[in-house]
Amino acid sequence: MKKVFAKSLQLLERAKKITPLGAQTYSKSYRYLCEGNAPVFLERGDGCLVWDIDGNQYVDYICALGPIVIGYNNEKVNNAIIEQLSKGISFSLSTPLEVELAEMVSEIIPYAEMIRFVKNGSDATTAAIRLARAYTGKEMVLVCGYHGMHDWYIGSTENNRGVPEAVKKLTKSFGYNDIESVQRLFKEYPDKIAAVILEPIQGKGPKDGFLKELKKIVHNNSAILIYDEVVSGFRYALGGAAEIYGVTPDLAAFGKGMANGMPLSALAGKQEIMRLIEEGVFVSTTFGGETLSLAGAIATINILKQSDTYEHINCLGELVLKGLSELVKKHQLETVVQVDGIPAHAYLNFEGAGSLDYLDIASIYQQRLLQEGILSLGIFNLSLSHSQSNIKQLLEASDKALSDIVQAIKQDSTEGILLGGKMNPVFKRNPKSK
C-alpha cells in the first residue's frame, strides 16, 4: 500500500518558518529525502523500527546517523536513565558517574589514559586539535574525513562561509590510503603541522600498513596523530580502529554509538597531552557531566561488552554486503551502483548515467525503499536489534529499487518513476558525476 505523508508535509511547512531547513541537523532534514514523497518527522522507535507522524512504520538503517547501536527504547538503557533521573540531571559539582565511565573507557581503550566528556563529535575533535596545537607549538592541521562544524575543519570545505580566511589556510586535506599525499604536505609545510586527524576507517578500511606508516610519518615530523572515531568508535568494535588494526593514536574523539542516542562524546588520549587541559588549554562545557547521558553510556557499554555483540552486527553486515553486491550484478548496474564499506557500515555509491546524475539515481533508490518500509540514506548502520528477517526485507526492497533504476536509465528520465523531489544534500559531488 502506498504510504502517505500528509502530516509530515504539513508540519514541515510550519517548521520551515521557524528553523533553518525545518530541522536541527542537516542530515536529518527534508533535503536528504525525496521531498513531497517521504517522511520528515518521526514520532517513536522500538528496536530497529521507527514510526513517522503519519503512522508509517520503517526498519531504520540510519540509526539516528549512527548513535543507535543497541536499538531504540532499550529496557536496560532506559532503566539506567530513569533511575538516574530520579536523582537529578545536572549538578553544581561533579558526580561519581564521570569517574566510573572514564575508568570504563580507559579499560576498554588502553591508550585512553585520560578522558574528557563533552557533547558532540565536533566538540571532541576541536578539543583534540586545540590540545595538539598547544602541545606542539604549531598551527597547521592535515585532515581526512568529516570532522564537524567548527571553523578549523569546516573552513576547508565548500560550506565555509563565515570562516576567516586566515583560519581556512591552516587546514589542508590529504587522501585516505594515500601516504604520498601526506608526505607531500609535510614537505610543503615543514615544521608547521601540529596534527594529522582522520577517520581511520573509511570505505573498505585502511590498506595494509597505511595507519602504521602514517603514524611513523606524523611522529617523525613531531606532530600528533588523532583518530576521529565519532562514527567508528563503539560501533565497529568496542575499542574502535585501534582494536581492529592495532595502531594507536595519540588522541581520539568518540561519540555517537557510545550512549545509544544520548548526547555524549569524549576526547581521550595520552596523559601528557590531556594534562594540558589543566594548564591553560580550555576544554570545558556546562553539560559535559550531565548524568543521564553518562548513565546511558555506562548501560550501553555494558551491553556492548557482551561477547556476541559485534559478531551479531558483523554477520548481518556481511549479509548486506553480499546481498547488495549480488543484486547489483543481477541488474547489470556495476557502473552505476557500487557497494562499499565494511559489515558494520555498508553503503552504496551512486553514479550518473545518460542525462541522469548521481542524485537522480540515489533518489530513485531511496524512494522505493521508503515505500517498502525501509528508512535509509544509502548507508546501512546496524544495531543489535536488527535481525536476518530485516536484512531479507532490505534486499527484497533493494531488488525492486534497482529495477526502478534500470527503467529510469532505459528511458533516460525519472519521469513516472521519481514521484517526489530529488535529494539535495549539503555536501555534493559533481551533480553530473558519471
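Look up: the structure comes first, before these words.
Here the structure is a predicted model, which means the values were calculated and not measured.

Topic: the overall build of the chain
Counting its regular elements, the chain contains 14 helices and 14 strands. The C-alpha radius of gyration computed for the chain amounts to 22 Å, which stays within 12% of the reference 22 Å derived for 434 residues, consistent with globular compactness. If one aligns the C-alpha atoms of the chain with their principal axes, the spans along those axes are about 65 × 55 × 45 Å. Burial status across the chain gives 56% buried among its 434 residues.

A look at the pairing of strand E11 (residues 337-342)
With five of six residues buried, E11 is to be regarded as a mostly interior element. In this structure, E11 lies alongside strand E12 (residues 345-350), joined through six bridges in antiparallel fashion. Paired with Gly341 across the two strands is Ala346, which belongs to E12.

Considerations on the nonpolar core
Judged by nonpolar contacts, the single largest core of 104 residues is most densely connected at Leu101, Leu198, Phe234 and Tyr365. Residue contributions to this core peak at nine residues, all from helix H11 (residues 291-304).

Section: helix H14 (residues 388-411)
Across its 24 residues, H14 extends 35 Å between first and last C-alpha, which sits within 8% of the 34 Å expected from 1.5 Å per residue. All of the buried residues along H14 are Asn390, Ile391, Leu394, Ala397, Ser398, Ala401, Leu402, Asp404, Ile405, Val406 and Ala408. Just past H14, the residue Asp412 takes up positive phi, approximately 50°.

Here's the deal with a nonpolar patch on the surface
On the surface, Tyr146, Met149 and Phe427 cluster together to form a nonpolar patch covering roughly 330 Å² of accessible area. Inspection of the secondary structure assignment puts Met149 in the loop between strand E5 (140-144) and helix H5 (151-154). Exposure remark for Met149: the relative accessible area of 59% places this residue in the exposed category.

Section: the sheet that holds strand E13 (residues 374-375)
Ordered in space as E1-E2-E3-E13, the four strands form an open sheet in which the pairing is mixed. Two strands bound the open sheet, and with one partner strand each, they are strand E1 (42-46) and E13.

Considerations on helix H13 (residues 358-371)
Taking 1.5 Å as the rise per residue, H13 with 14 residues should run 20 Å; its terminal C-alpha atoms sit 20 Å apart, in good agreement. Burial runs high along H13: 13 of the 14 residues are buried. The N-terminus of H13 is capped by Asp357, whose side-chain oxygen sits 2.9 Å from the backbone nitrogen of Leu359. The first or second residue beyond H13 is Gly373, which carries a positive phi of 85°.

Some remarks on the pairing of strand E10 (residues 265-269)
Across the five residues that make up E10, a large majority, five, are buried. Burial of E10 is two-sided: the residues Ser265, Leu267 and Gly269 facing one way and the residues Ala266 and Ala268 facing the other way are all buried. The sheet contact formed by strand E4 (residues 114-118) and E10 spans five bridges and is antiparallel. The residue of E10 that forms the bridge with Arg116 is Leu267. Examined bridge by bridge, strand E9 (residues 251-254) and E10 share four bridges and lie antiparallel to one another.

Thoughts on the side chain of Thr309
Here Thr309 is to be found in helix H12 (residues 309-330). Residue classification places Thr309 among the buried residues on the basis of a relative accessible area of 0%. Within the structure, Thr309 has its side chain in polar contact with the backbone oxygen of Leu304 (distance 3.5 Å). Not counting residues up to four positions away in its chain, the partners in contact with Thr309 are Ile303, Leu304 and Leu384.

Some details on the pattern of salt bridges
Should the charged atoms of two oppositely charged side chains come close, the side chains can pair. One pass over the structure, following the stated rule, counts 15 salt bridges. Measuring nitrogen to oxygen at the nearest pair gives 2.9 Å for the salt bridge that ties Lys168 to Glu165. Linking Lys168 with Glu165, this pair stays in helix H6 (residues 165-168), spanning three residues, or about one helical turn. Where Lys422 meets Asp357, a salt bridge forms, and the shortest distance between an N and an O atom there is 3.1 Å. Taken as a pair, Lys422 in the segment after H14 and Asp357 in the loop between E12 and H13 lie far apart in primary sequence, 65 residues in all. The class for Asp357 is buried, based on a relative accessible area of 6%. Each of the salt bridges in this network shares a partner with another, and the network as a whole consists of Arg368, Glu372, Lys400 and Asp404.

Definitions and cut-offs
- Residues numbered from 1 in each chain as written.
- Predicted model: local features only at pLDDT ≥ 70, side-chain atom pairs only at ≥ 80, totals over all residues.
- Heavy atoms only, no water.
- Helix = DSSP H or I, 4+ residues; strand = E, 2+ residues; numbered from the N terminus.
- Rg over C-alpha atoms; globule rule 2.2 N^0.38 Å.
- Buried < 20%, exposed > 50% of the residue type's maximum accessible area, 1.4 Å probe, protein only.
- Pairing = 2+ DSSP bridges.
- Core = buried A, V, L, I, M, F, W, Y, C linked by side-chain atoms within 4.5 Å.
- Expected span 1.5 Å × (residues − 1).
- Patch = residues over 30% accessible without salt bridge, like charges linked within 9 Å, V, L, I, M, F, W, Y side chains within 5 Å.
- Areas by Shrake-Rupley, 256 points an atom, 1.4 Å probe, with all protein chains shown as cover.
- Salt bridge = Lys/Arg side-chain N within 4 Å of Asp/Glu carboxyl O.
- Polar contact = N/O pair within 3.5 Å; in protein donor to acceptor, adjacent residues only side chain to side chain.
- Contact = heavy atoms within 4.5 Å.

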